[in-house]
Amino acid sequence: MDAVWSGTWVAERLGVRLEEAGDPGSPRLDELLGLALRRNPKRAHLLVSQVLGKHVPQSPRAVYAAGHGLGERVRALLGDEAAAVVVLGYAETATGLGHCVADGLGAAPYLHSTRRPVPGVEPAGGFEEAHSHATSHLLLPQDPKLLAGSGPLVLVDDEFSTGNTVLNTIRDLHARHPRAHYVVVALVDMRSPADRERLTAFAAEIGARVDLIALASGTVHLPEGVLAKGQALVEEYEREGAGAAGAPAPGVSDEAPAAAAAAAAPVGRVVLDWPAGVPDGGRHGFTPEHRARLEAALPALARQLADALGAEPGRVLVLGNEELMYAPLRLARALEESGAAAEVRFSTTTRSPVLAVDDPGYAIRSRIVFPAHDHPADGPGDRYAYNVAGAGFDTVVAVADTHGDTGALHAPDGLLARLAPHAGRVLLALVPSYTPDVSSGVSSDRREPIMPEPILSEPILPEPILSAPILSEPLRGPAFSSYAPEDCGWLLQDLSDAALEAPTEEREEAIQAGGAHYAESLPVEYQPSPQYQELYRSALTASAARIARAVGTVTETVLAERSPSPVLVSLARAGTPVGVLMRRWARARHGLDLPHYAVSIVRGRGIDPNALRWLAAHHDPADIVFVDGWTGKGAITRELAAALEAHRDAGGPDFNPEIVVLADPGSCVSTYGTREDFLIPSACLNSTVSGLISRTVLRSDLVGPADFHGAKFYRELAGADVSTGFIDTVAARFDEVAEAVGAEVKELLAADRTPTWEGWAAVERISEEYGIHDVNLVKPGVGETTRVLLRRVPWKILAQRGAGADLDHVRLLAEQRGVPVEEVDGLPYTCVGLIHPRFTRGATGADGKAVTSK
């Protein structure tokens, strides 16, 4: 331990104090924890573990011993019950710790939650975390029976602060497979007395025993006003370039300067002889048999690593990668025990942004920033390695799985290049990614070494191209939709007679609990009040010319760059009004009669493969142009690209995956009408501005293997329909904007329109700051915010300070649903909608309005 406690800097400036509450023989909290700061409106301070091996490089022996010892204590507590135990760890921070606890138990199977979905592997559960800034937790065991037993379940996290995450998990799993005994394990238990009482009451409520084991326990004393003081301190250091948000700590750079990078030794590479069939971690389950085989292989793996390091590697840091903690830890411990290096330390990269301050009394001395390189499901973003720069390591061994061995890892701004100036040598050590073979039930590992050519994405498992006859003709109005038949052909099946609607609160609870997919049901259609309808009409009048200009710009760009005779394929349903308008522009300005179809795409499930088959049979795939309304985070942009790649890999034709949109505030595409985030009135309403068609439905009991995805035609809402009126109002402004469109298109065709994906960074920051910790619950932009208020359970709305009439309808909807609108500075979008995190129906009152304190 340093002579100066690594929490001193924060304690002296903010008055934060750790108060002991454990047994006299337990480690002291200041031996286990340091303090740092982060930008977060709920909790500015961060407890930084000294023995976890995440933020602070530590002896692998000490990291392993902390978890293994906790496992031994659980085994003593359970006695004979230990024979039937299952251990569950939390991603990303506790994946390695949970593994070590399972090792200490001896014969316990292990699973950790993950934020990396695997197409074809059905989740056995899911839940939200109260303090992480990343996406939802998924439970993806290869053996679906792993969590179905009745024996004790051990849940492992790095710290137990409020208990919300554990309660969410137990509630979800207990509803599926009730148990009599749960054991919660953490390095430190920092709950308040109220939180302790809540866990006791919860255990009584479900009729189960819940025990807790930790190395040390206590509380964090926070003086009044500490949150505001902490935020001000972070802002001060960010302004002065002292640490966070891309600025380096004094004397330690976040960046790898070109000169330093050029002087750095080349990066070495070793593909480890990992035992075949042994998973690289517990993402899909890790059995006692796997553990025994890994233990037997570790000496040889350590020798292979030592040979790659050479005779004098000096001080070595073995650096894991986010969820990939256990395999690098075991490699580091084996290397440490072999004596091949003078000193070995272990830590891992992380998603979590923290202020870095180069002071001995602060826990995060330096920060290296690099882009994600494993194509995460929630999109690109920055990742971090703490306390590596300036730490004097002679060699850094960066351990990655082959899934993450992409071009981004080897890029000039990638992790390896960022590490190079801060060590005498960098060695990349690869272990094979482990993915269950869902077709046979047999696991597979990707053992081929993957060279620095980029892997574009973790592929969606290809759906085989069906040999069934080509499907029937598209549905058209007036039999299906209120659009004119020539305006749109719907590659959907009519499910108008099916009972698909569910109350918003029930849908939200089922979706967040992992028990349902949003595309398996429909929200009850919102019926706008007279006041809201008047807002819509005013918004349309005010923005019609602006929309017409964006329609003209995106259409002319498509005609100039993609095809002189494109086939417009809109993504139902937000893209459909845009597709109709693009078709109208091409006819009005060029006399073209462009085909236009609407197809279904579902996040997490891909685009309708039968619709693709139909399109390929009737049109040249090279002419197909996919159209959407707007981008938020760009999730559908990524979904489309991955789905089309999978379709091609399954033997289908090659479609251009580049989507075109009316508005691209997230900077996710290169073909757009505008990148401004403004009110598109078609986002204000649901089916009544989209041809009276519902959002699309994909449910196995309704959609067979040769069927199009489904949707409903709300014929009964014809009296409130404004679909054609919206199109006609915008089209009436085409002539007056034509000159401006011509000038704008000329500029765009000569400009660099490469997507920057800056929206992702903003969404990740907001997710962290507001404690939601799931980017899927952060909906940026006017259009997506409106959807949150109409279809989901909103928590709060963030509005750009001074935003005007573009947000009148948002403010009205928020008022009607009892949702606060918070004006903020520095928002890259006009507004952002936050879905209620960890939703249960207790999050709304008897009147259906949001209860923001929950």
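Residues numbered from 1 in each chain as written. Predicted model: local features only at pLDDT ≥ 70, side-chain atom pairs only at ≥ 80, totals over all residues. Heavy atoms only, no water.

**With respect to the overall build of the protein**
Okay, so step 1: Assigned secondary structure in the protein consists of 22 helices and 35 strands.
Okay, so step 2: Looking at the protein as a whole, 59% of its 854 residues are labelled buried.
Okay, so step 3: Restricting to contacts in the protein with at least 6 residues of sequence separation, those with at least 24 account for 77%. (Helix = DSSP H or I, 4+ residues; strand = E, 2+ residues; numbered from the N terminus. Buried < 20%, exposed > 50% of the residue type's maximum accessible area, 1.4 Å probe, protein only. Contact = heavy atoms within 4.5 Å.)

**Concerning the sheet that holds strand S17 (residues 425–431)**
Okay, so step 1: Here five strands make up an open sheet; going across it, the order is S11-S17-S16-S12-S13 and the pairing parallel. The open sheet terminates on both sides in strands that have one partner only, identified here as strand S11 (268–271) and strand S13 (343–349). Adjacent strand axes in the sheet meet at a mean angle of 20° when their direction is disregarded.
Okay, so step 2: When strand S12 (residues 315–321) meets strand S16 (residues 395–401), the two strands line up parallel, connected through four bridges. Residue pairing for S16: Val316 is matched across the bridge by Thr395.
Okay, so step 3: Its contacts with the sheet place helix H9 (residues 288–309) against S11, S16 and S17, and it is angled at close to 150° to S17. (Pairing = 2+ DSSP bridges. Axes fitted to C-alpha atoms, helices over the stretch in contact; angles between N-to-C directions.)

**Some details on the packing of helix H3 (residues 60–78) against helix H10 (residues 326–338)**
Angle between the axes and distance between the axes: these two values describe a pair of packed helices.
Okay, so step 1: Interhelical geometry of H3 versus H10 gives an angle of 125° and a closest axis separation of 8 Å. The angle between H3 and H10 falls in the class oblique. For the crossing formed where H3 meets H10, the hand is left-handed. Here Pro60, Arg61, Val63 and Tyr64 of H3 come into contact with H10, specifically with Tyr326, Leu329, Arg330, Ala332, Arg333, Glu336 and Glu337. (Parallel < 35°, antiparallel > 145°, perpendicular 65-115°, else oblique. Left-handed = near helix turned anticlockwise from the far one by under 90°.)

**Some thoughts on the confidence of the model for the protein**
Okay, so step 1: With 85% of its residues at a pLDDT of 70 or more, the protein has an overall mean of 83.
Okay, so step 2: Element-level pLDDT for the protein is lowest in helix H8 (residues 258–263), with a mean of 42, against a maximum mean of 97 in S13.
Okay, so step 3: Ignoring residues within four places in sequence, the model shows residues 439–443, a span with pLDDT below 50, making ten contacts including any to other chains.
Okay, so step 4: Low pLDDT, under 50, characterises residues 840–854; the predicted model gives this stretch 31 contacts beyond four residues in sequence or across chains. (pLDDT = per-residue confidence, 0-100.)

**Considering the sheet that holds strand S25 (residues 596–599)**
Okay, so step 1: The strand order across the open sheet built from six strands is S20-S25-S24-S28-S29-S30, with neighbouring strands paired in parallel fashion. Sheet topology places strand S20 (489–490) and strand S30 (671–674) at the edges, where each strand pairs with a single neighbour.
Okay, so step 2: Sheet analysis places S20 next to S25, joined by two bridges and oriented parallel. Bridge pairing in S25 places Trp490 opposite Ala598.
Okay, so step 3: Set on the sheet, helix H15 (residues 575–590) makes contact with S20, strand S24 (567–571), S25, strand S28 (624–630) and strand S29 (660–663); between it and S28 the angle comes to about 120°.

**What about helix H7 (residues 226–239)?**
Okay, so step 1: Here H7 is 14 residues long and its end C-alpha atoms lie 20 Å apart, about the 20 Å a rise of 1.5 Å per residue gives.
Okay, so step 2: Looking only at H7, the buried set comprises Val226, Gly230, Leu233, Val234 and Tyr237. Buried residues of H7 fall within an arc of 100° about the axis and therefore sit on the same side. In H7, the exposed positions angled more than 90 degrees off the buried face are occupied by Ala228 and Arg239.
Okay, so step 3: In the core, the buried residues of H7 are packed alongside helix H1 (8–14) and strand S2 (33–37). (Expected span 1.5 Å × (residues − 1). Arc of directions from axis to C-beta.)

**Overview of the nonpolar core**
Okay, so step 1: Formed by 116 residues in total, the largest nonpolar core has its most connected members in Leu37, Leu105, Val154, Leu305, Tyr362 and Val397.
Okay, so step 2: Setting aside its immediate chain neighbours within four residues, Val154 contacts Val74, Val85, Val86, Val87, Leu88, Val101, Leu105, Val183 and Val185.
Okay, so step 3: Counting 71 residues, the second-largest nonpolar core is a separate cluster that includes Tyr536, Leu540, Ala598 and Cys831. (Core = buried A, V, L, I, M, F, W, Y, C linked by side-chain atoms within 4.5 Å.)

**Let's talk about the side chain of Glu159**
Okay, so step 1: Tracing the chain through its elements places Glu159 in strand S8 (residues 153–160).
Okay, so step 2: Assessed through its relative accessible area of 7%, Glu159 is described here as buried.
Okay, so step 3: If we skip the residues at most four places from it in the chain, Glu159 touches Arg43, Leu47, Ala186 and Val188.

**Quick look at the environment of Gly25**
Okay, so step 1: Structurally, Gly25 is set in the loop between strand S1 (17–20) and helix H2 (29–32).
Okay, so step 2: On the basis of relative accessibility, which here comes to 78%, the residue Gly25 falls in the exposed class.

**Description of the packing of H15 against helix H18 (residues 723–731)**
Okay, so step 1: Direction vectors running N to C along H15 and H18 enclose 40°, while the axes themselves pass 10 Å from each other. In terms of axis orientation, H15 runs oblique to H18. For the crossing formed where H15 meets H18, the hand is right-handed. Side by side, H15 and H18 meet where Pro577, Val580, Leu581 and Arg584 of the first sit next to Phe726, Ile727, Asp728, Val730 and Ala731 of the second.

**Let's talk about the packing of aromatic side chains**
Within a pair of aromatic rings, the relevant descriptors are the distance that separates the centres and the angle that separates the planes.
Okay, so step 1: Inspection of the entire model under this criterion finds ten aromatic pairs.
Okay, so step 2: When the ring of Phe286 is compared with that of Tyr326, the centres are 5.9 Å apart and the planes differ by 70°; the resulting orientation is edge-to-face. You can see Phe286 sitting in the loop between S11 and H9 and its partner Tyr326 sitting in helix H10, a full 40 residues away along the chain.
Okay, so step 3: Centre to centre, the rings of Tyr483 and Trp490 are 6.4 Å apart; their planes meet at 15°, and the pair counts as stacked.
Okay, so step 4: Classification of Tyr483 by relative accessible area gives buried; the value is 3%. (Phe/Tyr/Trp six-rings, centres within 6.5 Å; stacked < 30°, edge-to-face > 60°.)

**Quick look at the pairing of strand S34 (residues 821–824)**
Okay, so step 1: In the sheet, strand S33 (residues 794–800) pairs with S34 via four bridges, with the strands oriented parallel. Bridge pairing links Ala799 to Glu823 in S34.
Okay, so step 2: As for the winding sense of the linkage, the β-α-β connection from S33 through helix H22 (residues 808–817) to S34 is right-handed. (Right-handed = clockwise from strand over helix to strand, strands pointing away.)

**Some details on the pairing of S11**
Okay, so step 1: Where burial is concerned, the two faces of S11 differ: the one with Gly268 and Val270 is buried and the one with Arg269 and Val271 is not.
Okay, so step 2: Direction of pairing for S11 relative to S17: parallel, over a ladder of four bridges. Bridged to Val271 within S17 is Leu430.

**Concerning the environment of Ala311**
Okay, so step 1: Looking at where Ala311 falls in the secondary structure, it is placed in the loop between H9 and S12.
Okay, so step 2: Through-space distance from the C-alpha of Ala311 to that of Ala341 is 8.5 Å; in sequence the pair is 30 residues apart.

**Comments concerning the pattern of salt bridges**
Okay, so step 1: Inspection of every chain in the model, using the stated rule, returns 42 salt bridges.
Okay, so step 2: Across the pair Arg196 and Asp189 runs a salt bridge whose closest N-O atoms are separated by 3.2 Å.
Okay, so step 3: What makes Arg196 partly exposed here is its relative accessible area of 28%.
Okay, so step 4: A relative accessible area of 3% places Asp189 in the buried class.
Okay, so step 5: Of the charged contacts, one joins Glu561 and Arg753 as a salt bridge, the two residues approaching to 2.4 Å between their closest N and O atoms. Of this pair, Glu561 sits in helix H14 (residues 530–561) while Arg753 sits in the loop between helix H19 (734–750) and helix H20 (758–769), and the two are 192 residues apart along the sequence.
Okay, so step 6: Note on Glu561: relative accessible area 39%, which makes it partly exposed.
Okay, so step 7: Each of Asp487, Arg583, Arg584, Asp593 and Asp728 takes part in a single network of salt bridges with overlapping partners. (Salt bridge = Lys/Arg side-chain N within 4 Å of Asp/Glu carboxyl O.)

**Points about H10**
An α-helical segment advances 3.6 residues per turn. Residues three or four places apart therefore align on the same side.
Okay, so step 1: Its 13 residues place the ends of H10 18 Å apart at the C-alpha level, agreeing with the 18 Å of an ideal helix rising 1.5 Å per residue.
Okay, so step 2: With ten of 13 residues buried, H10 lies mostly within the body of the structure.
Okay, so step 3: Those residues of H10 that fall on the buried side of the exposure criterion are Tyr326, Ala327, Pro328, Leu329, Arg330, Leu331, Ala332, Ala334, Leu335 and Glu336.
Okay, so step 4: In the core, the buried residues of H10 are packed alongside H3, helix H4 (95–105), H9, S12, S13 and S16.
Okay, so step 5: A positive backbone phi angle near 75° is found at Gly339, which sits one or two residues after H10.

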